[in-house]
Amino acid sequence: MHEHFMREALKEAEKAFEKKEIPIGAIIVKDDRIIGRGHNLRETSKDPTAHAEIIAIKEAAKELDGWRLIGCKMYVTVEPCPMCAGAIILSRIPEVYIGTMDTKGGAAGSVMNILEEKKFNHKVEVHKGVLQEECNEIITSFFKKLREEEK
């Protein structure tokens, strides 16, 4: 089941790739139903907060008609940054499934671990490595293509 939902997040990442955005995708699931989807749109929207996770959280909150995403699960292809980790905590998402880690900017264990910080009032259960190879491949191929285009 987790692989199925991560594949849906990967579809979102592919949409970002096609738009020449960093290919990160996220979905939010409640009761085995997708209620929020997002992919990076920072370049397209000229908005530094237009990360996949933020977009998916906004869509899910609208779907549920409330900001508390209790009982939801997030599937994200790349480890959330500090901003997105904060939004996950503030929206009360209890579980996050991560495809691949971000050793340069991740906030779920790589650079820091906001999601599992015990001082916050909300705790997030983090699961890492869901379809890690596929999630890593789309990021790697994106930056490889970008470097080739710059030459």
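Structural notes, computed from the coordinates. (Residues numbered from 1 in each chain as written. Predicted model: local features only at pLDDT ≥ 70, side-chain atom pairs only at ≥ 80, totals over all residues. Heavy atoms only, no water.)

Comments concerning the packing of helix α1 (residues 2–18) against helix α5 (residues 132–150)
Closest axis-to-axis distance for the α1/α5 pair is 10 Å, and the angle between their directions is 10 degrees. Looking at the two axes, α1 sits roughly parallel to α5. Taken together, the residues of α5 that come into contact with α1 (itself represented by Met6, Arg7, Leu10, Ala13, Glu14 and Phe17) are Glu134, Cys135, Ile138, Ser141, Phe142 and Lys145. Taken together, the residues that form the contact of α1 with α5 break down as seven nonpolar, one polar and four charged. (Axes fitted to C-alpha atoms, helices over the stretch in contact; angles between N-to-C directions. Helix = DSSP H or I, 4+ residues; strand = E, 2+ residues; numbered from the N terminus. Parallel < 35°, antiparallel > 145°, perpendicular 65-115°, else oblique. Contact = heavy atoms within 4.5 Å. Nonpolar A, V, L, I, M, F, W, Y, C, P; charged D, E, K, R; others polar.)

A word on the nonpolar core
Among the nonpolar cores identified, the biggest contains 44 residues, and Ile28, Val96 and Leu115 are the most heavily contacted of them. Looking at this core, the elements that each hand over two or more residues are α1, β1 (25–30), α3 (52–64), β3 (72–78), α4 (82–90), β4 (95–100) and α5. Per-element tally for this core: the top contributor is α3, with six residues. Non-local contacts of isoleucine 28, meaning those with residues more than four positions away in its chain, are made with Arg33, Ile34, Ile35, Gly36, Ala56, Ile57, Ala60, Leu69, Cys72, Lys73, Met74 and Ile93. (Core = buried A, V, L, I, M, F, W, Y, C linked by side-chain atoms within 4.5 Å. Buried < 20%, exposed > 50% of the residue type's maximum accessible area, 1.4 Å probe, protein only.)

Details of the sheet that holds β4
Taken in spatial order, the five strands line up as β2-β1-β3-β4-β5 in an open sheet, and their pairing is mixed. Each edge of the open sheet carries a strand with a single partner, namely β2 (33–39) and β5 (125–128). Here the average twist between neighbouring strands, direction ignored, is 15 degrees. In this sheet, β3 lies alongside β1 in antiparallel orientation, the contact comprising five bridges. In the strand pairing of β3, isoleucine 27 is matched with tyrosine 75. Of the strands in this sheet, β1, β2 and β3 touch α3, which is tilted by about 145 degrees from β2. (Pairing = 2+ DSSP bridges.)

Observations concerning the packing of aromatic side chains
According to the stated counting rule, one finds four aromatic pairs in the structure shown. Ring centres of phenylalanine 17 and phenylalanine 142 lie 5.6 Å apart, and the angle between their planes is 75 degrees; on these two criteria the pair is classed as edge-to-face. Taken together, the residues phenylalanine 17 in helix α1 and phenylalanine 142 in helix α5 connect sequence positions 125 residues apart. The exposure class assigned to phenylalanine 142 is buried, which follows from its relative accessible area of 7%. Joined through ring pairs, the aromatic side chains of Phe5, Tyr75 and Tyr97 make up one cluster. (Phe/Tyr/Trp six-rings, centres within 6.5 Å; stacked < 30°, edge-to-face > 60°.)

Digging into α5
If you check α5, its first and last C-alpha atoms are 27 Å apart, about what 19 residues at 1.5 Å a residue would give, namely 27 Å. What α5 keeps buried is the set Cys135, Ile138, Ile139 and Phe142. The buried residues of α5 all sit within an arc of 90 degrees when viewed along its axis, so they share a single face. Exposed side of α5, more than 90 degrees from the buried face: Glu133 and Arg147 are the residues found there. Buried residues along α5 sit against α1, β3 and β4. (Expected span 1.5 Å × (residues − 1). Arc of directions from axis to C-beta.)

Comments concerning the packing of α3 against α4
Where α3 contacts α4, the axes come no closer than 9 Å and their chain directions differ by 20 degrees. What the angle tells us is that α3 and α4 run roughly parallel. The handedness of the crossing between α3 and α4 is left-handed. Contact residues: α3 offers Glu53, Ile54 and Ile57, while α4 offers Met83, Cys84, Ala87 and Ile88. (Left-handed = near helix turned anticlockwise from the far one by under 90°.)

Here's the deal with α4
Listed in full, the buried residues belonging to α4 are Cys84, Ala85, Ala87, Ile88 and Ile89. Tucked into the core, α4 has its buried residues touching α3, β3 and β4.

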